[in-house]
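# Summary of the model geometry
Each chain is listed here by its residues.
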Amino acid sequence: MSISTKFPVAVHVLSVLALNRQTTVYSDFIAASVNTNPVVIRRIVGLLKKAGLVDSAPGVGGISLIKEPTDITLYDIYEAVNPTSKDLFTLHQDTNPNCIVGKNIQHSLEGVMQTAEEALENELKQVTLADTIEEIQQLDQAT
């Protein structure tokens, strides 16, 4: 199982934008920070724009935050880049109904997986982009 890297990349993108508000920021600048292709950044920015977190204009317009970092939770970002995937965990399908484990595994894991997903979402709702940026800055000062 793997959780998409879209979420941490989106947090990275928004952090770069927040820390560089005084300049025009382009996808190639963010891509250099993330160490990825600008196309990847543009796709993430498209999702963030659709969610109302950023504005972007092609060409010389650049990318900018629409909301204050204190008003953006990590859950907002998570939802922005995972709009169709609401389930963190996916249970495997087509198990053997003639096997004691195969016929019962999905039902036995549903509750704990739902609880874990709710715990993740609740934690993400408690942390803002501003909190994350503050921690980034503290870590930078410590090095």
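Residues numbered from 1 in each chain as written. Predicted model: local features only at pLDDT ≥ 70, side-chain atom pairs only at ≥ 80, totals over all residues. Heavy atoms only, no water.

### Side note on helix α5 (residues 100–126)
In this model, α5 (27 residues) spans 40 Å end to end at C-alpha, consistent with the 39 Å of a helix rising 1.5 Å per residue. Buried residues along α5 sit in contact with α1 (6–19) and α4 (74–81). (Helix = DSSP H or I, 4+ residues; strand = E, 2+ residues; numbered from the N terminus. Expected span 1.5 Å × (residues − 1). Contact = heavy atoms within 4.5 Å.)

### Looking at the environment of phenylalanine 29
Checked against the element boundaries, phenylalanine 29 lands in helix α2 (residues 27–34). For phenylalanine 29, a relative accessible area of 44% translates into the label partly exposed. As a C-alpha pair, phenylalanine 29 and threonine 5 span 24 residues in sequence and 19 Å in three-dimensional space. The contact partners of phenylalanine 29, leaving out residues within four places of it in the chain, are Val16 and Asn20. (Buried < 20%, exposed > 50% of the residue type's maximum accessible area, 1.4 Å probe, protein only.)

### With respect to the packing of aromatic side chains
Taken as a whole and judged by the stated rule, the model has two aromatic pairs. Each ring, one from phenylalanine 7 and one from tyrosine 78, has its centre 5.7 Å from the other, and the planes form 80 degrees; the classification is edge-to-face. Of this pair, phenylalanine 7 sits in helix α1 while tyrosine 78 sits in helix α4, placing them 71 residues apart in sequence. Across the pair, exposure class does not vary: phenylalanine 7 and tyrosine 78 are buried alike. Taken together, the ring pairs in this structure connect Phe7, Tyr75 and Tyr78 into an aromatic cluster. Lying over the aromatic face of tyrosine 75, lysine 125 brings its terminal NZ or CZ to 4.7 Å of the ring centre. (Phe/Tyr/Trp six-rings, centres within 6.5 Å; stacked < 30°, edge-to-face > 60°. Lys NZ or Arg CZ within 6 Å of the ring centre and 35° of its normal.)

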